[in-house]
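A closer look at the structure
What follows is each chain in one-letter form.
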Amino acid sequence: MALHLNFFHEIRQQEKQRARDPRKLVGLAAAVVALIMVGYYLSRSNTVSSLNQEMARMQGEWRDLEPKQKKAKSDAVELERERKRNAAITTGVEGRFYWAPLLEQVAALVPPTVQVRSLAGDYAPPGSVDKPAVDVRISGLAAGNNARAAADAFRTRLRDGLEGRYPGLTVNFDANSLEETGDTVTHEGQTLHVARFRIRLSFNPPPLADTADASQKP
């Protein structure tokens, strides 16, 4: 009887054992992990390279923009300084007071028996003081049969003629400023007594349009 030996069975058995060898499995796993890490490293390297390029580009733009920014700040400071100058000029123009219409109105209210010897005025922009902004002092002589009454009649005439045109108007004699001089003058054939007076007008300036139009009123 012939003897048959099956060596292929042993060979296949050894191949299966080698395929299941733990060291080989660990090596394959390590190779896979290494490939993953290399791929991750390359990906991160590309990302970092892109970020570095973007940062370099932005730094270049900043170097170009920095002089413009400094100039813009300098221009802003100069523009603010110019704005303040213009605002001050505008405030001065809008807050000014026209003296000519007032003087014209006062002159029209002076009767023949009154002589204005001096007129002085002060003006403070509204809001800068707590009292009326315009203060006018009128000094002069009044003649009449009753000189003090003639001076008071002139004061009343001033008040009535200017009232309504200037807000907060007050027209009063300064303290102890109304007194007879003892002199006389001749007017239209009459001998009249003379009194010295000093009248103070105080008021707030009207709006510019009203001031400009005041001289047009009858």
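What counts, and at which threshold
- Residues numbered from 1 in each chain as written.
- Predicted model: local features only at pLDDT ≥ 70, side-chain atom pairs only at ≥ 80, totals over all residues.
- Heavy atoms only, no water.
- Buried < 20%, exposed > 50% of the residue type's maximum accessible area, 1.4 Å probe, protein only.
- Helix = DSSP H or I, 4+ residues; strand = E, 2+ residues; numbered from the N terminus.
- Arc of directions from axis to C-beta.
- Salt bridge = Lys/Arg side-chain N within 4 Å of Asp/Glu carboxyl O.
- Axes fitted to C-alpha atoms, helices over the stretch in contact; angles between N-to-C directions.
- Parallel < 35°, antiparallel > 145°, perpendicular 65-115°, else oblique.
- Left-handed = near helix turned anticlockwise from the far one by under 90°.
- Contact = heavy atoms within 4.5 Å.
- Nonpolar A, V, L, I, M, F, W, Y, C, P; charged D, E, K, R; others polar.
- Polar contact = N/O pair within 3.5 Å; in protein donor to acceptor, adjacent residues only side chain to side chain.

Details of helix 3 (residues 99-109)
Here helix 3 has its buried residues at P101, L102, Q105, V106 and L109. Around the axis of helix 3, the buried residues are gathered within 130° of arc, so they sit on the same side. In helix 3, the exposed positions angled more than 90 degrees off the buried face are occupied by A100, A107 and A108.

Some words on the pattern of salt bridges
Side chains that differ in charge, positive against negative, can pair when their charged atoms come close. This model, assessed by the stated rule, comprises 15 salt bridges. Here E82 makes a salt bridge to R85, at a shortest N to O gap of 2.2 Å. You can see E82 and its partner R85 sitting in helix 2 (residues 22-94), three residues apart, about one turn around the helix. Residue classification places E82 among the partly exposed positions, given a relative accessible area of 32%. Residue R85 is classed as partly exposed on the basis of its relative accessible area of 39%.

As for the packing of helix 3 against helix 4 (residues 147-162)
In the contact formed by helix 3 and helix 4, the axes pass within 10 Å of each other and the chain directions differ by 135°. Taken together, helix 3 and helix 4 sit at an angle that is classed as oblique. In the crossing of helix 3 with helix 4, the sense of the turn from one axis to the other is right-handed. Where helix 3 abuts helix 4, its residues L102, Q105, V106, A108 and L109 lie against F154, R157, L158, G161 and L162. A breakdown of the residues in the contact of helix 3 with helix 4 according to their chemical character gives seven nonpolar, two polar and one charged.

Some words on the side chain of R137
With respect to the element layout, R137 can be found in strand 2 (residues 134-144). Among the polar contacts listed, one links the side chain of R137 to the side chain of D135, at a separation of 3.0 Å. Here R137 is in contact with S118, L119, A120, G121, D122, D174, I199 and R200, once residues within four sequence places are set aside.

Interpretation in functional terms is not warranted from these geometric data alone.
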